[in-house]
Amino acid sequence: MPSWQWQPSDHHRALGRIMTAALEAVDPEKAVLNSLHRQDDTLHVGGRTYDLSQTDRVLLVGGGKAGAPMAKAVATVLGDRLSSCIVNVKEGYTLAPEEFQEMSRHSACPIRFVEAGHPTPNQAGVEGAEQMAAALQGLTERDLVICVISGGGSALMTLPAEGISLGDIQALTELLLRSGATINEMNAVRKHLSRIKGGGLARLAQPARLIALLLSDVVGNPLDVIASGPTVPDTTTFEDAWRVLERYDLLDEAPQPVLSRLMAGRDGHLPETPKPGDPIFERVHTLVVGSNDIAAARAVEQAQEEGLNSLLLTTYIEGEAREVAKVAAALAKEMAVSDRPLCRPACLVAGGETTVTIRGQGKGGRNQELALAAALALEGWEGVLVASLATDGTDGPTDAAGGVVDGGTVARAREKGLDAAAYLRNNDSYHFLQATGELITTGPTNTNVNDLLFILAF
């Protein structure tokens, strides 16, 4: 269950149960098992059937923060038919030893989990992606590839295009992360610098049949944005990628090989990523098995069970974290004063993914920054809480999942000699919330379906 450093109230404990219910609703292993069924030699996936008696080889590949439990679910169903298994996961996000042993017992082939870097790619991720690409060589129409994809897959499955080095990708990733670019914009760039993103994995797997099981971490679940869409047509172009760098004033800082490739593609000297209608997708079936809206809906149900009037506002939250925080605080105040849009006790739930434009030198993540900004907006108000949670359990480059604040947070901080506004200016939400004891910690959840925002009034 999510925890806080300081002794929580009954309201905080209820909030912890709400968060736990939301996370359990998008458990990756259960999500895959709910979508993948086998009856003798017939495999059922999302309304389609596959005849395993007419299948020579079954390969399992993929990547993402939820890759390990998703792969374990596939092995539970098809382990005796697996001829290869390579999945890239975030460092520390592999299975527990006993779970790995159980998965291995189900499997007819060695299981390889490659622990790779996130959010900045590393050499391990490249090596794992190279192993996947090698495994997909020489397949026939009688082979079946199952690909498990979840949030973080863009960084974890890095296979640079010709002329692009890992160092180029690392430098560009850092620039994009600091720029405030959305995940859609970041992935538009990354897809045009990769051999595996933007439909690249589907191209590598042809002519085999391909089933892609996705746990979405992107607002609205656009298939070509989730993990940069390795198994689906790409709706973006080299021109789009160039414009992202232009929009965020990165043309003078981006590595020259990146600029050269994007210019060559923009000018028609390189082939585009595969687009809708490309025949390589005729034998591909892509299915979303878990998403933010499922987690948010379950949070609303649990809030009702806790005796709170509850409402799901939206799962399309985007924008600067500190600006979204002002809206969250405004909603909390409205409920506290006017019982709108819900009568107290109340819990509003929202989902999505904010961004942070980094200007300071501090440490934090978008959920922690949202919480700190909300604390400033709520200063002096009683009977209100705002909490922001990264469903993967790690918010930005920290060991926290987010933060929970109330109308007394800023005053308590002041008693400790802390200036909340100064911490926000320095993008140092982690150390502020650590000092006030209002970090949310879950540890790795092995799932990833964007962020959840909770606004409570009592």
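Let us look at the structure shown here. Please read all numbers here as calculations on a predicted model, not as lab measurements.

Right, let's get into the overall build of the protein chain. Along its length, the protein chain carries 17 helices and 15 strands. The C-alpha radius of gyration computed for the protein chain amounts to 22 Å, which stays within 12% of the reference 23 Å derived for 458 residues, consistent with globular compactness. For the protein chain, the C-alpha atoms occupy an extent of roughly 65 × 55 × 35 Å along the three principal directions. Buried residues in the protein chain amount to 58% of all 458 residues. Across the protein chain, every contact between residues at least 6 apart in sequence was considered, and the portion connecting residues at least 24 apart equals 81%. When the accessible area of the protein chain is evaluated, it comes to approximately 17,300 Å², of which 48% is carbon and sulfur surface. Once the 39 positive and 57 negative side-chain charges of the protein chain are each reduced to a mean point, those two points are 0 Å apart.

One can describe the packing of helix α14 (residues 366–378) onto helix α17 (residues 429–436) by two numbers: an axis separation of 9 Å at closest approach and a directional angle of 65°. The way α14 lies across α17 gives a crossing that is left-handed. Here α14 contributes Q368, E369, A371 and L372 to the contact with α17, which in turn contributes S429, Y430, F432 and L433. Considered class by class, the residues forming the contact of α14 with α17 number five nonpolar, two polar and one charged.

Counted under the stated rule, the structure contains 26 salt bridges. Note that K72 is salt-bridged to E102, the shortest N-O span being 3.6 Å. A residue pair is termed long-range when its members are at least 10 positions apart, and K72 in helix α3 (residues 67–78) and E102 in helix α4 (residues 97–106) qualify at 30 residues. The exposure class of E102 is partly exposed, given its relative accessible area of 30%. With a closest N to O distance of 3.7 Å, R298 and E301 form a salt bridge. Taken together, the residues span about one helical turn, with R298 and E301 both in helix α12 (residues 292–305) at a distance of three residues. Residue E301 is classed as partly exposed on the basis of its relative accessible area, which comes to 42%. A cluster of three or more residues bridged by salt bridges with shared partners is formed by K191, D224, D234, E272 and K275.

Moving on, we get to the layout of surface pockets. The calculated volume of the second largest pocket comes to roughly 360 Å³. Lining the second largest pocket are 23 residues, and of these S194, R195, R203, R261 and P271 sit closest to its centre. Elements with a contribution of two residues or more to the lining of the second largest pocket: α9 (200–205) and α11 (256–266). With three residues, α9 is the largest single contributor of residues to the lining of the second largest pocket. Residues that form the lining of the second largest pocket fall into these classes: ten nonpolar, six polar and seven charged.

So, on to the sheet that holds strand β13 (residues 402–406). Reading across from one edge, β10-β11-β15-β12-β13-β14 is the order of the six strands in this open sheet, with mixed pairing throughout. The open sheet has two free edges, formed respectively by β10 (309–317) and β14 (439–440), since each of these has just one partner strand. Note that strand β12 (residues 384–390) and strand β15 (residues 451–457) share seven bridges and pair antiparallel. Its bridge partner being in β15, V384 is matched across the sheet by A457. Those strands touched by α12 are β10, β11 (346–352) and β15, and its axis lies near 165° from that of β10. Lying on the sheet, α14 is in contact with β12, β13, β14 and β15; it crosses β13 at an angle near 10°.

This part covers the side chain of T394. Among the secondary structure elements, T394 is positioned in the loop between β12 and β13. Side chain to side chain, T394 and K90 meet in a polar contact 3.1 Å long. Not counting the four nearest positions on each side in its chain, T394 is found in contact with K65, K90, Y93, A400 and A401.

Thresholds, definitions, all that
Residues numbered from 1 in each chain as written. Predicted model: local features only at pLDDT ≥ 70, side-chain atom pairs only at ≥ 80, totals over all residues. Heavy atoms only, no water. Helix = DSSP H or I, 4+ residues; strand = E, 2+ residues; numbered from the N terminus. Rg over C-alpha atoms; globule rule 2.2 N^0.38 Å. Buried < 20%, exposed > 50% of the residue type's maximum accessible area, 1.4 Å probe, protein only. Contact = heavy atoms within 4.5 Å. Areas by Shrake-Rupley, 256 points an atom, 1.4 Å probe, with all protein chains shown as cover. Lys, Arg positive; Asp, Glu negative; His and termini not counted. Charge placed at Lys NZ, Arg CZ, Asp CG, Glu CD. Axes fitted to C-alpha atoms, helices over the stretch in contact; angles between N-to-C directions. Left-handed = near helix turned anticlockwise from the far one by under 90°. Nonpolar A, V, L, I, M, F, W, Y, C, P; charged D, E, K, R; others polar. Salt bridge = Lys/Arg side-chain N within 4 Å of Asp/Glu carboxyl O. 1 Å grid on protein atoms, 1.4 Å probe; cavity = no way out; pocket = protein on both sides within 12 Å on 5 of 7 lines; lining within 4 Å. Points joined across faces, edges and corners; volume = space filled by probe spheres on them. Pairing = 2+ DSSP bridges. Polar contact = N/O pair within 3.5 Å; in protein donor to acceptor, adjacent residues only side chain to side chain.

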